[in-house]
There are 2 protein chains.
Amino acid sequence: MTERPPTPVRLRTAAVELFAERGFNGTGIRDIATRAETTLSSLYHHCGSKDDLLVDIMFTTIEPLLRAAEKVRATLAGPAEQLSMIVEQHVWAHGVDPQANIVSDTEVRALSGERRDQIIVLRDAYEEFWQETVAEGVQDGSFDVEHPRIVTRALLEMCTSVSHWYRPTGELALDDLSHLYADRALALMGARSRRSDLQIPEPAHFLG
Amino acid sequence: MTERPPTPVRLRTAAVELFAERGFNGTGIRDIATRAETTLSSLYHHCGSKDDLLVDIMFTTIEPLLRAAEKVRATLAGPAEQLSMIVEQHVWAHGVDPQANIVSDTEVRALSGERRDQIIVLRDAYEEFWQETVAEGVQDGSFDVEHPRIVTRALLEMCTSVSHWYRPTGELALDDLSHLYADRALALMGARSRRSDLQIPEPAHFLG
DNA sequence: GTCTATATGCAGATAGAC
DNA sequence: GTCTATCTGCATATAGAC
C-alpha cells in the first residue's frame, strides 16, 4: 500500500544514503540515479549539480537545528534547562536521521568557496548557542567547570557522534537516549542538578 | 639545517596530510606524489597501491594506541586510574598527530573486504579496553552511571574529536588538555574522585 | 520529465628507459 | 630508484530526441 515517493524525494533520499555510506567523493552520480530508480538526466533536471545536492542536504539538516536552539534559548529559563533541551534536540535529530547528519557533519570539506563559507557560518552560529548557554551557566553558578569553551565543544562532538552508532533497535529508545545525554551533559558541566530535577515542559518539540 | 626526509617518509607524510584534508576519495595519487616532491612511479615503488598506503597509515596509528591501553590496564591499579590514563593517552595521541588519527577514524569506509575487517577488529579491541575498564569501575563502586556502555562510547567519541579542532597554539598545552579530558571523563562516569585526587606516576608514557 | 548517447577530463595503475 | 609516456576505465556534465 506504500506509494512510491515522487522522483525528487527518491533522489534526495538516495543521495543522503550514499553520501553517508561512501562519502561524497566516493559516490557517483550514476549510483544516486540508479538507487533512486531513475536516470542521470532526471537527477540533473531536479537537483542540479552534485554540489547543489550536497549543499541542499546540509542546509535543510543544519538549519532546523539552529532554529530549534534559538527557540530553546528564547523559551526556557535557566542555563541547565536550556542546555538540557538543546542537547536533547541535537541527540534526537542525530538519532532520527543519522545519515543526513553524518553528511552534514563530515562533508563540509567537499565544498569550496562561497557555499562552503555559508555552511560554516551556520555551523558556527549553532555552536555559539551552546557556548553562550554554558557561559551563562558558569556565570550564574549553575555550572562549575574549568575551560568551559573546550568542554562545551567536547560535549557538542559527543552528542554529534550519536549519528555514527545509534540504532532504534538497541537498548534505548530515542527519547530515553536524549534524556541520558542531557543528564550526562549536566554532569560534564559540573551542574548541581540532574536532568530529572529540572522542570521542562513535555513534550517539548522545537524541531520542524 | 633541516635535512629533507627520505622519499618514503615524505610520501607517507604527504598522504596523511591530504587524506586528512580532502579525504581518501578526494585525494589523487598525483597530488600525493607532487606534495612529496617526487613522482608517481616512486610512490608505487615505495608504498604500493593507494589502498596499501591507507591501510599502513591506519595500522601504524591505531596499533600503538591499542598497545598503550593494554599496558595501562596491566600496570595501573583501580578503574579510575586506568580510565584516566587511557583517556590521557588517547587525547594526547589525537592532539599530537591529528591528521593520522582523522584518517584512521573516518576513512574505514574507504576500505573493503579483509583489510577493512582487520582494521575494524583493531578498533573494536581498543574500544573493549575502555568498556572493560568502565564496567569494572561500575562493579566496584568507583563509578556511578546509568547505561555505562553507551556513555563509554560517547566518551570515546568525545576524546577522538580532539583531532578535529586542537591546535598547539590554543589556550591549553597538550598535557593540560589531556588532564582536563581525564577529569571530565571521571565526571561523566559519576566518579567520586577527580583527576587531581589520583595517584598516577608522572610522566606516564605508554605510547611508543 | 524522462530517455539514450556522448563530450571531456581525470582517476588508478603500469611499461620500460636510464 | 626515479623518470616520461601511456593504457584503460570511470567521473561529471550535457545534447537533443520523444
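Conventions adopted
Residues numbered from 1 in each chain as written. Chains lettered and ligands numbered in written order. Predicted model: local features only at pLDDT ≥ 70, side-chain atom pairs only at ≥ 80, totals over all residues. Heavy atoms only, no water. 1 Å grid on protein atoms, 1.4 Å probe; cavity = no way out; pocket = protein on both sides within 12 Å on 5 of 7 lines; lining within 4 Å. Points joined across faces, edges and corners; volume = space filled by probe spheres on them. Nonpolar A, V, L, I, M, F, W, Y, C, P; charged D, E, K, R; others polar. Helix = DSSP H or I, 4+ residues; strand = E, 2+ residues; numbered from the N terminus. Expected span 1.5 Å × (residues − 1). Buried < 20%, exposed > 50% of the residue type's maximum accessible area, 1.4 Å probe, protein only. Contact = heavy atoms within 4.5 Å. Near = heavy atom within 4 Å. Polar contact = N/O pair within 3.5 Å; in protein donor to acceptor, adjacent residues only side chain to side chain. Least-squares fit on C-alpha atoms with pLDDT ≥ 70 in both. Axes fitted to C-alpha atoms, helices over the stretch in contact; angles between N-to-C directions. Parallel < 35°, antiparallel > 145°, perpendicular 65-115°, else oblique. Buried area = accessible area lost by both parts, 1.4 Å probe. Salt bridge = Lys/Arg side-chain N within 4 Å of Asp/Glu carboxyl O.

- An unreviewed UniProt entry lists chain A under the name TetR family transcriptional regulator, from Actinomadura barringtoniae.

### Regarding empty space enclosed by the protein
Here is step 1 of the chain: Applying the stated criterion across every chain yields a total of one cavity of 30 Å³ or more.
Here is step 2 of the chain: Empty space within the largest cavity amounts to approximately 70 Å³.
Here is step 3 of the chain: What lines the largest cavity is a set of 14 residues, among which N25, E107 and R109 of chain A together with N25 and R109 of chain B lie closest to the centre.
Here is step 4 of the chain: Partitioning the lining of the largest cavity into residue classes produces two nonpolar, six polar and six charged.

### Some details on helix α10 (residues 174-188) of chain B
Here is step 1 of the chain: Helix length check: α10 of chain B (15 residues) gives 21 Å between terminal C-alpha atoms against 21 Å at 1.5 Å per residue, within 8%.
Here is step 2 of the chain: Taken across its 15 residues, α10 of chain B has eleven buried, putting it largely inside the fold.
Here is step 3 of the chain: Listing the buried residues of α10 of chain B in full gives L174, L177, S178, L180, Y181, A182, D183, R184, A185, L186 and L188 of chain B.
Here is step 4 of the chain: Elements in contact with the buried residues of α10 of chain B: α8 (148-160) and α10 (174-188) of chain A together with α5 (79-96), α8 (148-160) and α9 (162-165) of chain B.
Here is step 5 of the chain: Looking one or two residues past α10 of chain B, G190 of chain B carries a phi angle of roughly 65°, positive in sign.

### Regarding the protein's contact with DNA strand D
Here is step 1 of the chain: Taken together, 17 residues are adjacent to DNA strand D, and I29 and R30 of chain A together with T39, S41 and H46 of chain B come closest.
Here is step 2 of the chain: Across the atoms of DNA strand D situated within 4 Å of the protein, the share located in sugar and phosphate is 44%.
Here is step 3 of the chain: S41 of chain B is positioned with one of its side-chain polar atoms (N or O) 2.5 Å from a base nitrogen of DNA strand D.
Here is step 4 of the chain: Where the surface near DNA strand D is concerned, the elements lending two or more residues are α2 (29-35) and α3 (40-47) of chain A together with α3 (40-47) of chain B.
Here is step 5 of the chain: Its residues assigned to classes, the surface near DNA strand D comprises three nonpolar, eleven polar and three charged.

### Quick notes on the relation of the copies chain A and chain B
Here is step 1 of the chain: Between chain A and chain B, which share one sequence, the superposing operator has a rotation angle of 180° and an axial displacement of 0.0 Å; the RMSD is 0.0 Å. Such values leave the two copies arranged in the relation of a two-fold axis. For chain A, the smallest separation between a C-alpha atom and the rotation axis is recorded for M158 of chain A, amounting to 2.3 Å.
Here is step 2 of the chain: Most of the interface of chain A is mirrored in chain B, where 100% of its interface residues again form contacts.

### Re the protein's contact with DNA strand C
Here is step 1 of the chain: With respect to spatial proximity, 16 residues lie near DNA strand C, and among them T39, S41 and H46 of chain A together with I29 and K50 of chain B are the closest.
Here is step 2 of the chain: The sugar-phosphate portion of DNA strand C accounts for 47% of its atoms within 4 Å of the protein, the bases making up the rest.
Here is step 3 of the chain: One of the side-chain N or O atoms of R30 of chain B is found 2.8 Å from a base oxygen in DNA strand C.
Here is step 4 of the chain: Looking at the surface near DNA strand C, the elements that each hand over two or more residues are α3 of chain A together with α2 (29-35) and α3 of chain B.
Here is step 5 of the chain: The dominant element in the surface near DNA strand C, judged by the number of residues it contributes, is α3 of chain A, at four residues.
Here is step 6 of the chain: A class-by-class count of the residues in the surface near DNA strand C yields three nonpolar, eleven polar and two charged.

### Here's the deal with unusual backbone geometry
Here is step 1 of the chain: The backbone of H147 of chain A sits at a positive phi, close to 50°, despite the residue not being glycine.
Here is step 2 of the chain: For H147 of chain A, a relative accessible area of 28% gives the class partly exposed.

### Let's talk about the packing of helix α5 (residues 79-96) of chain A against helix α6 (residues 98-106) of chain A
All names here are of chain A.
Here is step 1 of the chain: Two elements in contact, α5 and α6, have axes separated by 5 Å at closest approach and are oriented at 110°. Accordingly, the angle class assigned to the pair α5 and α6 is roughly perpendicular. Residues A93, H94, G95 and V96 of α5 lie in contact with α6, whose contacting residues are P98, N101 and D105.
Here is step 2 of the chain: When its residues are assigned to classes, the contact of α5 with α6 shows three nonpolar, three polar and one charged.

### Re the interface of chain A and chain B
Here is step 1 of the chain: The interface of chain A with chain B comprises 31 residues on the first partner and 31 residues on the second.
Here is step 2 of the chain: For the pair chain A and chain B, the summed buried area comes to about 2,700 Å², and 61% of that belongs to carbon and sulfur atoms.
Here is step 3 of the chain: Scanning the region where chain A abuts chain B turns up two salt bridges.
Here is step 4 of the chain: The shortest N-O distance in the salt bridge between E107 of chain A and R109 of chain B comes to 3.1 Å.
Here is step 5 of the chain: For the interface between chain A and chain B, the tally reads six residue pairs in polar contact (both at pLDDT 80 or more).
Here is step 6 of the chain: Breaking the side of chain A that touches chain B down by element, the ones donating at least two residues are α1 (7-22), α8, α9 (162-165) and α10 of chain A.
Here is step 7 of the chain: Here the residues of the side of chain A that touches chain B sort into 15 nonpolar, seven polar and nine charged.

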